[in-house]
Amino acid sequence: MKKYIIAAALIFGTGAVITTSLNSCSSLATTDLGLVVIKRVLLGGINKGANIYGNKEAFLQNNLVDKALPKELRDINSTLEKIAPSLVAKEREYIAEAAVYTVGISKPILESAVNSLNAQDVTRIIQGEKGTATLILKEKTQTQLIQAIAPKVEEELNKYGIVKTLNTALSGSNLLGSLLGGNKTNVNAGGLSLLASEQIVNGLFNIIEDHEKQNSASLLAPFGK
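Residues numbered from 1 in each chain as written. Predicted model: local features only at pLDDT ≥ 70, side-chain atom pairs only at ≥ 80, totals over all residues. Heavy atoms only, no water.

A closer look at the nonpolar core
Here's step 1: Counting residues in each nonpolar core, the largest one holds 50 residues, and the members touching the most others are Tyr53 and Leu137.
Here's step 2: If one sorts the elements of this core by residue count, helix H12 (residues 189-214) sits on top with nine residues.
Here's step 3: The residues contacting Leu137, other than those within four sequence positions of it, are Leu42, Ile46, Leu110, Ala113, Val114, Phe205 and Ile208. (Core = buried A, V, L, I, M, F, W, Y, C linked by side-chain atoms within 4.5 Å. Buried < 20%, exposed > 50% of the residue type's maximum accessible area, 1.4 Å probe, protein only. Helix = DSSP H or I, 4+ residues; strand = E, 2+ residues; numbered from the N terminus. Contact = heavy atoms within 4.5 Å.)

Thoughts on the packing of aromatic side chains
Here a ring pair, both rings aromatic, is described through the centre-centre distance and the interplanar angle of the planes.
Here's step 1: Applying the stated rule across the entire model yields one aromatic pair.
Here's step 2: Between Tyr53 and Phe59, the aromatic rings sit 5.0 Å apart at their centres with planes inclined by 85 degrees, giving edge-to-face as the arrangement. Across this residue pair, the class does not change: Tyr53 and Phe59 are buried.
Here's step 3: Note that Lys159 overlies the ring of Tyr101, its terminal NZ or CZ placed 5.5 Å from the centroid. (Phe/Tyr/Trp six-rings, centres within 6.5 Å; stacked < 30°, edge-to-face > 60°. Lys NZ or Arg CZ within 6 Å of the ring centre and 35° of its normal.)

A closer look at the pattern of salt bridges
Here's step 1: According to the stated counting rule, one finds nine salt bridges in the structure shown.
Here's step 2: The residue Asp75 makes a salt bridge to Lys71 at a minimum N-O spacing of 2.8 Å. Taken as a pair, Asp75 and Lys71 lie in helix H5 (residues 71-83) at a separation of four residues, close to a single helical turn.
Here's step 3: Classification of Lys71 as exposed rests on a relative accessible area of 60%.
Here's step 4: By sharing partners, the salt bridges in this structure join Lys152, Glu155, Glu156 and Lys159 into a single network. (Salt bridge = Lys/Arg side-chain N within 4 Å of Asp/Glu carboxyl O.)

Overview of the confidence of the model for the chain
As a general rule, the predicted coordinates of low-pLDDT regions are not to be interpreted in detail.
Here's step 1: Confidence in the prediction for the chain averages 79 pLDDT; 72% of positions are at 70 or higher.
Here's step 2: A low-confidence stretch, residues 1-29 (pLDDT under 50), is modelled with eleven contacts involving residues beyond four sequence positions or located in other chains.
Here's step 3: When the criterion is pLDDT under 50, residues 182-187 qualifies, and its contacts beyond four places in sequence or with other chains add up to 16 contacts. (pLDDT = per-residue confidence, 0-100.)

Digging into the packing of H5 against helix H6 (residues 85-100)
Here's step 1: Where H5 meets H6, the axes come as close as 6 Å, and the angle between the chain directions of the two elements is 140 degrees. Here H5 lies oblique to H6, going by the angle between them. In contact with Leu73, Ile76, Asn77, Leu80, Glu81 and Ile83 of H5, H6 contributes Pro85, Leu87, Val88, Glu91 and Ile95.
Here's step 2: Here the residues of the contact of H5 with H6 sort into eight nonpolar, one polar and two charged. (Axes fitted to C-alpha atoms, helices over the stretch in contact; angles between N-to-C directions. Parallel < 35°, antiparallel > 145°, perpendicular 65-115°, else oblique. Nonpolar A, V, L, I, M, F, W, Y, C, P; charged D, E, K, R; others polar.)

Focus on helix H8 (residues 119-127)
Here's step 1: For H8, the full list of buried residues reads Asp121, Val122 and Ile125. End-on, the buried residues of H8 take up no more than an arc of 100 degrees, which puts them together on one face. Along H8, the residues that are exposed and aim more than 90 degrees away from the buried face are Gln120 and Gln127.
Here's step 2: In this structure Asn118 caps H8, since a side-chain oxygen of it lies 3.1 Å from the backbone nitrogen of Gln120. (Arc of directions from axis to C-beta. Polar contact = N/O pair within 3.5 Å; in protein donor to acceptor, adjacent residues only side chain to side chain.)

Looking at the side chain of Ser193
Here's step 1: Take Ser193: it is sitting in helix H12.
Here's step 2: Accessibility expressed as a relative area gives 2% for Ser193, which makes it buried.
Here's step 3: Ser193 has contacts with Ala150, Val153, Glu154 and Leu157, leaving out every residue within four places of it along the chain.

Side note on the side chain of Asp121
Here's step 1: In this fold, Asp121 is placed in helix H8.
Here's step 2: Apart from residues lying up to four places away in sequence, Asp121 is in contact with Ser116, Ile136 and Lys140.

Observations regarding the packing of H8 against helix H9 (residues 132-160)
Here's step 1: For the pair H8 and H9, interaxial distance at closest approach is 8 Å and the crossing angle is 135 degrees. With respect to H9, the axis of H8 lies oblique. Across the interface between the two elements, Asp121, Arg124 and Ile125 from H8 touch Thr132, Ala133, Leu135, Ile136, Glu139 and Lys140 from H9.
Here's step 2: Split by residue class, the contact of H8 with H9 holds four nonpolar, one polar and four charged.

A look at the environment of Ile207
Here's step 1: As for its placement among the helices and strands, Ile207 is situated in helix H12.
Here's step 2: It is 9.1 Å that separates the C-alpha atoms of Ile207 and Ile52, two residues lying 155 residues apart in sequence.
Here's step 3: For Ile207, the contacting residues outside a window of four places in its chain are Gly45, Lys48, Gly49, Ile52, Tyr53, Asn62, Leu64 and Val65.

So, in structure tokens, the structure goes:
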């Protein structure tokens, strides 16, 4: 880069070229450094999420995972609390069990997306609010993650028999059938696994975003912020 700066100055005979080129080099170095830091922070958040998801108790006790509970599933649990409170605990436990098996699927997808971040993403992160790096990651992978883990989640939930248990406890409930895509007396297994998959994926993003915000100072340092 230095060689090209000198050559340009000799050709045009002006220091303006040197200044512009130096600014360009500085901008490039800052962007490269920023990208390294952004990737490090996001990968740290992914590892943190994977550790939580790999521990059933940690998953159940994490409020960021609970906040990711889809409204439909929250409504279902409110109904269950009135009919069979113990069933809510079982449902949550089975989803936590299923989450353990999704780590090996979701982590490589997220890591690949982080490694594909580019200078344009860095610019957007610099100009955006705290949490923008996670937002970009979410935009790149959310749909893919849900589609990737849903079959495994459904497999695990069916293994635990939760759908059959729900049908037994809530037979005749109009709410359950309409929310999960079944009829008035039966819960659809795919509907439940999809809602559980949404919670698992969005809970993971909540953890990554929280990690990003906690490390926002180091994230923005290369940009003088």
